[in-house]
Number of protein chains: 2
Amino acid sequence: MERFPLKSSVSKAGTTYQSVYKKGTSAGNGRGGVTPEDDMVEIAPGDATPTSHGTFQLYEHSGRNNSNASANCDADDIPGIGQYDDFHTIDWQRDIARDRMRHRYIVKKRQDSIWDLIKGAHDAWSGWVCVLLVGVCTGVVAGVIDIGASWMTDLKFGICPQAFWFNREQCCWSNDEITFDHTNCSQWLTWPQVFGESRDGAGAYIVSYLFYIVWALLFAALSASLVRMFAPYACGSGIPEIKTILSGFIIRGYLGKWTLIIKVVGLILSVSSGLSLGKEGPMVHIASCLGNILSYLFPKYGRNEAKKREILSAAAAAGVSVAFGAPIGGVLFSLEEVSYYFPLKTLWRSFFCALIAAFILRSINPFGNEHSVLFFVEYNKPWIFFELIPFIGLGIIGGVIATIFIKANIYWCRYRKYSKLGQYPVTEVLVVTLITAVIAYPNPYTRMNTSQLIYLLFNQCGISNSDPLCRYNRNFTGVNTAIERAAATSEVYNAMGLLFLALLLKLVMTVFTFGIKVPCGLFIPSLALGAIAGRIVGIGMEQLAYTYQNIWIFSGECSTGDDCITPGLYAMVGAAAVLGGVTRMTVSLVVIMFELTGGVRYIVPLMAAAMASKWVGDALGRQGIYDAHIALNGYPFLDSKDEFQHTSLAADVMQPKRNESLAVITQDSMTVDDVETLLKETEHNGYPVVVSKESQYLVGFVLRRDLNLAIANARRTLDGITGQTVVVFAGPATPGTLPLNRILDMAPITVTDQTPMETVVDMFRKLGLRQTLVTHNGRLLGVITKKDVLRHVKQMDNEDPNSVLFN
Amino acid sequence: MERFPLKSSVSKAGTTYQSVYKKGTSAGNGRGGVTPEDDMVEIAPGDATPTSHGTFQLYEHSGRNNSNASANCDADDIPGIGQYDDFHTIDWQRDIARDRMRHRYIVKKRQDSIWDLIKGAHDAWSGWVCVLLVGVCTGVVAGVIDIGASWMTDLKFGICPQAFWFNREQCCWSNDEITFDHTNCSQWLTWPQVFGESRDGAGAYIVSYLFYIVWALLFAALSASLVRMFAPYACGSGIPEIKTILSGFIIRGYLGKWTLIIKVVGLILSVSSGLSLGKEGPMVHIASCLGNILSYLFPKYGRNEAKKREILSAAAAAGVSVAFGAPIGGVLFSLEEVSYYFPLKTLWRSFFCALIAAFILRSINPFGNEHSVLFFVEYNKPWIFFELIPFIGLGIIGGVIATIFIKANIYWCRYRKYSKLGQYPVTEVLVVTLITAVIAYPNPYTRMNTSQLIYLLFNQCGISNSDPLCRYNRNFTGVNTAIERAAATSEVYNAMGLLFLALLLKLVMTVFTFGIKVPCGLFIPSLALGAIAGRIVGIGMEQLAYTYQNIWIFSGECSTGDDCITPGLYAMVGAAAVLGGVTRMTVSLVVIMFELTGGVRYIVPLMAAAMASKWVGDALGRQGIYDAHIALNGYPFLDSKDEFQHTSLAADVMQPKRNESLAVITQDSMTVDDVETLLKETEHNGYPVVVSKESQYLVGFVLRRDLNLAIANARRTLDGITGQTVVVFAGPATPGTLPLNRILDMAPITVTDQTPMETVVDMFRKLGLRQTLVTHNGRLLGVITKKDVLRHVKQMDNEDPNSVLFN
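The paragraphs below set out a description of the structure included in this document. A quick note: this is a predicted structure, and the numbers were derived from the prediction, not measured.

### Focus: helix α21 (residues 523-547) of chain A
Between its first and last C-alpha, α21(A) extends 36 Å over 25 residues, near the 36 Å set by a 1.5 Å rise per residue. For α21(A), the tally of buried residues reaches 20 of 25 residues, placing the bulk of the element in the interior.

### A word on the environment of A:Asp639
Residues and elements named next belong to chain A. When you line up the elements, aspartate 639 lands in the loop between α26 (625-633) and α27 (650-653). On the basis of relative accessibility, which here comes to 15%, the residue aspartate 639 falls in the buried class. Considered as a pair, aspartate 639 and arginine 765 are 126 residues apart in the sequence and their alpha carbons are 8.3 Å apart. Once you skip the residues sitting within four places of it in the chain, aspartate 639 turns out to touch Asp627 and Arg765.

### Remarks on the sheet that holds strand β7 (residues 726-728) of chain A
Residue and element names in this part refer to chain A. An order of β4-β7-β8 is seen for the three strands of this open sheet, with the pairing classed as mixed. A single partner strand is all that each edge strand has here, and the edge strands are β4 (670-671) and β8 (737-739). Here three bridges tie β7 to β8, and the two strands are oriented parallel to one another. In the sheet register, valine 726 faces β8, and the bridge partner there is threonine 737.

### What to know about the pattern of salt bridges
Applying the stated criterion across every chain yields a total of 45 salt bridges over all chains. The shortest N-O distance in the salt bridge between B:Arg471 and B:Glu491 comes to 2.4 Å. In this pair, B:Arg471 is assigned in the loop between α19 (450-458) and α20 (490-513) and B:Glu491 in helix α20, connecting sequence segments 20 residues apart. Given the relative accessible area of 32%, B:Arg471 is considered partly exposed. The exposure class of B:Glu491 is partly exposed, given its relative accessible area of 34%. A cluster of three or more residues bridged by salt bridges with shared partners is formed by A:Asp99, A:Arg102, A:Asp123, A:Lys300, A:Lys307, A:Glu310 and A:Arg349.

### Observations concerning unusual backbone geometry
Cis geometry is adopted by the peptide bond preceding A:Pro656, which originates at A:Gln655 and carries an omega value of -10°. One non-glycine residue, B:Arg584, lies in positive phi territory at about 60°. Tracing the backbone shows B:Arg584 in the loop between α23 (567-583) and α24 (587-597). Positioned with a positive phi, B:Gln696 is a non-glycine residue whose angle comes to about 60°. Turning to its location among the elements, B:Gln696 is positioned in the loop between β5 (686-690) and β6 (698-703).

### A look at the interface of chain B and chain A
Between chain B and chain A, the residue contacts involve 68 residues of the former and 68 residues of the latter. Together chain B and chain A conceal approximately 6800 Å² of surface at their shared face, both sides included; 67% is due to carbon and sulfur atoms. Inspection of the region where chain B meets chain A yields five salt bridges. Seen at the junction of chain B and chain A, the total is seven residue pairs in polar contact (both at pLDDT 80 or more). Top contributing element to the side of chain B that touches chain A by residue count: helix α15 (residues 344-364) of chain B, with eight residues. When the residues that make up the side of chain B that touches chain A are grouped by side-chain class, the tally is 38 nonpolar, 18 polar and 12 charged.

### Remarks on the nonpolar core
Note that soluble globular proteins tend to have their nonpolar side chains buried in a common cluster. Among the nonpolar cores identified, the biggest contains 404 residues, and A:Phe458, A:Met593, A:Ile784, B:Phe458, B:Met593 and B:Ile784 are the most heavily contacted of them. The contact partners of A:Ile784, leaving out residues within four places of it in the chain, are A:Ala650, A:Val653, A:Met654, A:Met757, A:Val760, A:Phe764, A:Arg770, A:Gln771, A:Thr772, A:Val774 and A:Val789.

### Details of the packing of helix α4 (residues 92-109) of chain B against helix α5 (residues 114-155) of chain B
Residues and elements named next belong to chain B. Close contact between α4 and α5 brings their axes to 8 Å; oriented N to C, the two are set at 145°. Between α4 and α5 the crossing geometry is left-handed. On α5, the residues touching Arg102, His103, Ile106 and Lys109 of α4 are Asp116, Gly120 and Asp123. Along the lines of polarity and charge, the residues of the contact of α4 with α5 split into one nonpolar, two polar and four charged.

### What about the relation of the copies chain B and chain A?
Rotating chain B by 180° about the axis while translating it 0.0 Å along that axis superimposes it on chain A, leaving an RMSD of 0.1 Å. The superposition of one copy onto the other is thereby described by a two-fold rotation axis. Using C-alpha coordinates, one finds that chain B approaches the rotation axis most closely at B:Gly778, a distance of 1.8 Å. Both copies contact each other with a shared surface, as 100% of the interface residues of chain B are interface residues in chain A too.

### Here's the deal with the packing of aromatic side chains
Applying the stated criterion across every chain yields a total of 50 aromatic pairs over all chains. Residues A:Trp125 and B:Trp615 carry aromatic rings whose centres are separated by 5.1 Å and whose planes lie at 65° to one another, so their mutual orientation is edge-to-face. Separated into two different chains, A:Trp125 in helix α5 (residues 114-155) and B:Trp615 in helix α25 (residues 603-620) make up a pair that spans both. We classify A:Trp125 as partly exposed; its relative accessible area is 45%. Centroid distance B:Phe87 to B:Phe249: 6.0 Å. Interplanar angle 65°. Geometry classified as edge-to-face. Of this pair, B:Phe87 sits in the loop between α3 (45-62) and α4 while B:Phe249 is found in the loop between α9 (239-246) and α10 (257-272), placing the two residues 162 residues apart along the sequence. Considered together, B:Phe87 and B:Phe249 belong to a single accessibility category, that of buried residues. An aromatic cluster of three or more residues is present, and its members are A:Phe157, A:Tyr205, A:Tyr209, A:Tyr212 and A:Tyr441. A:Arg447 extends its terminal NZ or CZ atom over the ring of A:Tyr441, reaching a point 4.4 Å from the ring centre.

Basis of the calculations
- Residues numbered from 1 in each chain as written.
- Chains lettered and ligands numbered in written order.
- Predicted model: local features only at pLDDT ≥ 70, side-chain atom pairs only at ≥ 80, totals over all residues.
- Heavy atoms only, no water.
- Helix = DSSP H or I, 4+ residues; strand = E, 2+ residues; numbered from the N terminus.
- Expected span 1.5 Å × (residues − 1).
- Buried < 20%, exposed > 50% of the residue type's maximum accessible area, 1.4 Å probe, protein only.
- Contact = heavy atoms within 4.5 Å.
- Pairing = 2+ DSSP bridges.
- Salt bridge = Lys/Arg side-chain N within 4 Å of Asp/Glu carboxyl O.
- Buried area = accessible area lost by both parts, 1.4 Å probe.
- Polar contact = N/O pair within 3.5 Å; in protein donor to acceptor, adjacent residues only side chain to side chain.
- Nonpolar A, V, L, I, M, F, W, Y, C, P; charged D, E, K, R; others polar.
- Core = buried A, V, L, I, M, F, W, Y, C linked by side-chain atoms within 4.5 Å.
- Axes fitted to C-alpha atoms, helices over the stretch in contact; angles between N-to-C directions.
- Left-handed = near helix turned anticlockwise from the far one by under 90°.
- Least-squares fit on C-alpha atoms with pLDDT ≥ 70 in both.
- Phe/Tyr/Trp six-rings, centres within 6.5 Å; stacked < 30°, edge-to-face > 60°.
- Lys NZ or Arg CZ within 6 Å of the ring centre and 35° of its normal.

Spelled out as structure tokens, the structure:
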């Protein structure tokens with residue numbers, strides 16, 4: 001079991017990234033060319049002692065077929081085997097080989113007894129049971145967050161005196177009042193009313209304003225303090241880190257139980273504080289924490305980092321599923337955006353997990369909403385073909401807004417990272433909250449909950465919609481008749497002005513908000529930005545069609561006198577465009593929007609806008625927000641979507657460079673002293689074994705950790721081992737030598753020095769390598785580690801290669 | 001451009017598979033251990049001459065960075081380069097490297113002139129333009145098929161005298177008759193009416209019966225003859241072959257224009273003939289043909305087999321999209337079921353393609369249906385939690401039905417393949433059609449179109465449904481009131497009996513139908529089988545709930561007196577269960593069913609049944625129908641879903657075995673005569689190059705084709721080349737030698753002899769290798785080709801390793 005030390009993580013809080021970053025840099029500069037394997041696991045001698053005997057027992061049983069996976073193929077009962085240190089990269093091949101070996105062992109043993117049969121069945125089912133648990137827990141936690149956030153959001157405006165734990169809607173319902181206009185509800189008391197002020201008037205306004213600001217500051221301060229004190233990893237959306245973790249990196253504690261608890265509580269608080277942030281991204285992080293914690297119940301997943309990532313992928317899908325009520329979209333999001341290693345059998349399990357989570361959340365029904373989708377829309381009119389032009393235009397606008405947002409946000413985050421600002425996270429949160437609250441309150445569109453705003457903008461103006469946005473010069477005669485075409489009143493234009501201000505405010509505030517040290521996501525702010533822009537364009541188009549009724553493009557479809565253009569649809573398309581531009585999601589975006597709104601007929605407009613937005617975004621700035629944050633933080637993420645475009649060869653990238661010497665071990669001519677000297681003098685985490693120093697023909701690869709263990713064990717258990725005893729890795733063991741063939745990996749992956757780097761990068765990605773050995777005519781020339789590859793990619797893209805975070 | 005020789009494909013018609021199969025077998029037995037590379041491209045000397053000069057020019061320009069892709073990296077203007085022979089496997093790594101090099105060249109040239117800039121832009125857009133064209137064409141072709149098949153299906157029953165090209169529905173519409181009961185329509189004349197018989201009575205029945213049988217036989221005979229004469233590849237569903245092709249195999253003509261034309265015409269005919277088959281599977285084949293043909297408009301895709309498969313994946317998605325009106329399901333089907341190499345950027349393009357196809361088909365609107373989904377359902381009641389038990393039961397029933405179907409069908413297909421039956425395909429089709437028509441006509445549920453049957457079974461009994469299945473003892477008072485719970489009449493029980501007979505008939509006839517030599521799919525028959533079983537179970541549950549109203553499980557949700565159990569929902573769940581059991585689809589199945597029916601609320605029941613069905617199916621028989629047909633036909637398909645479970649090592653699989661010698665070329669000591677002798681004496685398609693025969697240290701790999709080209713060119717262009725001239729592959733070229741370093745691939749993928757086969761299989765799958773070289777301490781030991789891997793997998797699974805089809 002992973003430990004989550006409360007105290008130590010508190011003390012390291014602010015400095016973790018910084019110190020690791022510096023360590024990585026200095027290591028890179030100081031040791032430079034002579035440390036080819038410096039991203040491999042390094043084990044302190046103290047860790048080695050307790051496992052050494054067990055490890056040796058294992059080797060003796062393992063036979064020739066296990067030679068590949070060598071020291072680490074089994075031994076689930078030996079602590080530390082198959083585990084990695086913090087900020088290390090995992091070896092997918094080895095972990096998967098370990099799992100297959102374990103699986104074979106269980107299948108073989110199944111015939112022995114009924115107990116073994118049950119254990120085998122438990123093992124076979126454990127993946128499904130685990131994702132079932134993850135789905136159920138995710139659904140429940142999402143329900144808690146939804147209920148909590150909605151109650152606390154309303155608390156900023158007033159209280160339900162009869163039952164203070166009711167939010168506004170429940171409070172009004174409890175009295176069986178059914179009104180179209182929710183603004184009047186006698187059960188719910190606003191803060192001025194609580195303190196005896198009248199409902200209207202300047203005094204009441206000021207009291208409301210003050211209460212709003214005070215509650216917002218209180219919530220934000222609480223959230224930021226909790227994060228700072230108990231779980232620094234709980235801040236932000238978490239998606240960049242989860243992408244990195246899923247690509248095979250270890251960030252210990254990032255998915256731990258303290259992060260989970262603080263993220264849940266902090267998220268409720270920060271959403272309620274009225275900051276320009278959403279709860280959807282953090283839901284992915286919360287679900288992944290649940291996946292990580294629950295995987296420890298099943299050793300198959302908890303003790304194997306590669307297998308654990310299957311559960312984490314499913315959990316990420318469940319997170320999106322509950323965030324939007326979109327199980328299919330969640331699975332596609334996990335597949336397209338966050339996952340790295342996604343075998344197809346995991347797809348089915350992820351879908352199961354996402355569906356269970358959505359089902360549980362729907363059963364809890366936190367909003368008391370009869371519709372199963374978040375922003376249910378129903379438009380009378382289908383879209384018209386010529387509308388594709390404004391939809392694509394909206395896509396372009398969305399791409400531009402998204403690019404502005406990404407560039408500004410990254411600029412600000414970089415400033416925060418390298419300036420003194422980063423040292424005062426709580427103060428920063430309070431300042432941002434204060435400014436947001438002060439500016440947001442006067443404008444009704446920024447004062448309201450962002451989800452409510454999006455819902456309002458998506459809606460069609462009908463008989464039940466009394467918002468100023470729907471004050472047209474028309475009379476509604478009945479619910480079922482078509483909506484007639486009508487001129488907008490000045491109230492509509494006023495509302496458009498307020499919406500434009502809201503767009504500016506939200507854009508600016510989100511730039512400063514995304515990255516502060518509270519849990520915060522940007523799905524909802526992005527959707528809101530796009531919905532505002534879309535609604536404005538939509539009303540413009542609608543009024544164009546009204547004014548120029550006889551122009552040919554409008555005269556065909558719009559000739560009946562009914563309203564032929566639905567501004568709500570434009571809002572939906574605009575929302576998809578901005579979200580697509582910010583995250584660079586594609587299929588998953590369209591599917592999420594489709595599931596979010598239930599609008600089956602509108603996939604084509606959504607797709608057109610998403611495509612336009614992605615292309616504009618890609619043309620203006622290469623990276624989506626998550627990739628930009630990965631690069632900013634220097635996470636070692638080898639993107640499987642980017643193609644390696646350059647023509648360098650393996651010989652250009654490998655360590656050591658031509659004029660330096662490579663630290664190798666010979667197969668049968670080095671003494672124990674020689675080996676120990678080498679271990680002392682170099683810091684590599686693994687050494688190639690060659691036939692002889694002169695010939696350099698490659699025999700295999702041995703890990704530093706295994707060498708330490710094996711020599712210590714030999715000194716303890718075998719007689720006559722001195723410093724002069726010759727160590728033999730391959731070939732027949734003669735008396736008086738120390739045979740270590742059992743720790744030799746005789747199947748290292750090799751490439752020739754003339755191999756193009758694009759092939760090497762492909763091998764690292766697809767096979768999940770940690771290192772590969774470079775040969776020429778069978779002779780060993782050097783080593784390429786994942787760190788070397790990442791640095792080379794950065795160098796080729798004219799970025800600082802030393803910014804890659806690595807231990 | 002690929003050629004589609006009409007005559008030769010006719011003459012080879014019946015024997016193609018058989019002869020290839022025998023060739024593969026004899027080659028395997030005869031050459032056995034000494035032909036490690038026998039699956040590589042073999043080029044007749046005649047093909048080589050025209051390209052040799054161009055090839056050499058290319059080499060001189062290609063510099064050191066091209067050494068990997070060596071001879072085949074560029075030269076789009078040289079015919080034959082980068083192409084493969086029939087029944088060969090493709091080298092993904094090489095093709096992708098070729099494409100990257102081409103891309104780099106275009107990017108570099110883009111700065112030269114505006115014309116090059118335009119060419120660069122065209123190249124960048126060509127993928128999107130190509131899938132757009134594929135989508136549009138697929139939508140149009142699907143519309144043609146739908147219209148044609150619906151007209152010809154109705155032609156079996158009667159004709160519209162005023163406009164013979166109208167089907168029954170259009171004929172009745174044309175007269176503005178709006179009736180709930182479509183059985184009476186004065187415009188449409190049944191065949192007895194055409195010939196002056198009365199509408200009822202035994203005579204009319206017999207005339208109808210005869211006309212039905214005659215039309216069916218006529219359509220089937222035409223379809224089978226067309227397939228036999230013009231395009232033997234047009235038979236069947238095509239999905240097993242497309243899976244094989246997408247995994248990197250060449251079957252020339254399988255996706256050609258004759259196959260396309262005959263498949264479209266034959267599909268209309270065979271669907272209309274009333275055979276127990278569907279048009280959905282063949283739609284995937286038709287779309288893939290369109291993808292293949294249209295890709296030749298874009299050299300980037302047409303001339304690169306690996307890149308072409310990106311278009312084919314998108315086309316497969318479009319095929320499913322138009323078959324079911326399910327674009328998201330189509331993409332997931334392509335991803336999960338048919339595709340092999342599916343980079344994520346292709347996902348977006350596939351989705352675009354699928355969406356365009358669905359959009360075009362919907363614009364054509366072949367059925368004149370206002371609903372955008374194929375089997376639109378709307379149930380009044382949600383499902384109840386305890387219903388999960390019968391749903392899972394249906395899943396188990398579905399799994400059992402599916403397993404019976406697969407086993408019986410494979411048994412029959414194997415019998416056909418190895419008996420005289422296979423020589424009379426047209427006769428077989430006629431016999432099957434005759435039996436189907438004779439048995440099907442009397443039963444109204446088998447007489448009707450299978451899609452109509454499914455729609456009927458999915459439907460809820462409402463005021464507008466007059467089928468005997470809905471004759472309950474209840475009075476409908478209004479459209480909008482709830483349906484009251486009621487006892488079934490004897491008519492319902494009679495209908496259930498007929499349905500049960502229909503189930504048996506359809507099961508038996510589909511076993512004999514799937515595999516006959518007409519275009520035929522099995523999505524619709526599978527759905528029908530499941531829908532019948534589901535409806536029967538559903539009515540049973542409903543009557544249980546009526547009879548035992550007071551039992552605790554029914555008393556809760558069903559206490560209002562309304563009908564609480566919807567038999568139509570059971571039909572839907574049953575349909576998903578059988579289809580899932582037959583194809584072993586998972587996520588894509590659920591998404592297709594969801595898109596097919598528009599039933600957002602019923603994902604959980606669908607998923608439960610699909611899971612149960614898949615597990616039962618996997619427990620009873622390992623393979624789905626497509627994989628079983630792949631195995632039956634011996635296609636060289638390396639399944640990426642199966643895990644390699646065994647413990648063999650690369651040394652156990654490689655060729656030659658230990659006591660045989662390996663054909664190698666030395667880097668600088670063989671003469672032209674030596675090389676030519678080797679080329680004559682061995683049939684390998686490639687040779688490893690080593691330092692010397694004694695040391696066997698690996699230098700690189702050279703293709704037979706390139707050797708032939710290079711020597712022929714040298715003899716023609718260089719003076720002083722004799723049989724005694726020494727050929728130098730590596731190192732400095734001394735005067736009087738023939739330097740061939742430009743054709744040497746210096747970056748072959750190698751593994752050590754101790755590498756477990758699971759790692760080797762993984763490398764073949766993920767890197768798309770054709771062969772890998774096996775070394776020990778840097779010395780070459782042997783070669784493993786894809787054929788060796790496939791044979792080894794078969795051997796380990798106790799199947800005949802020689803059944804693998806390969807040239």
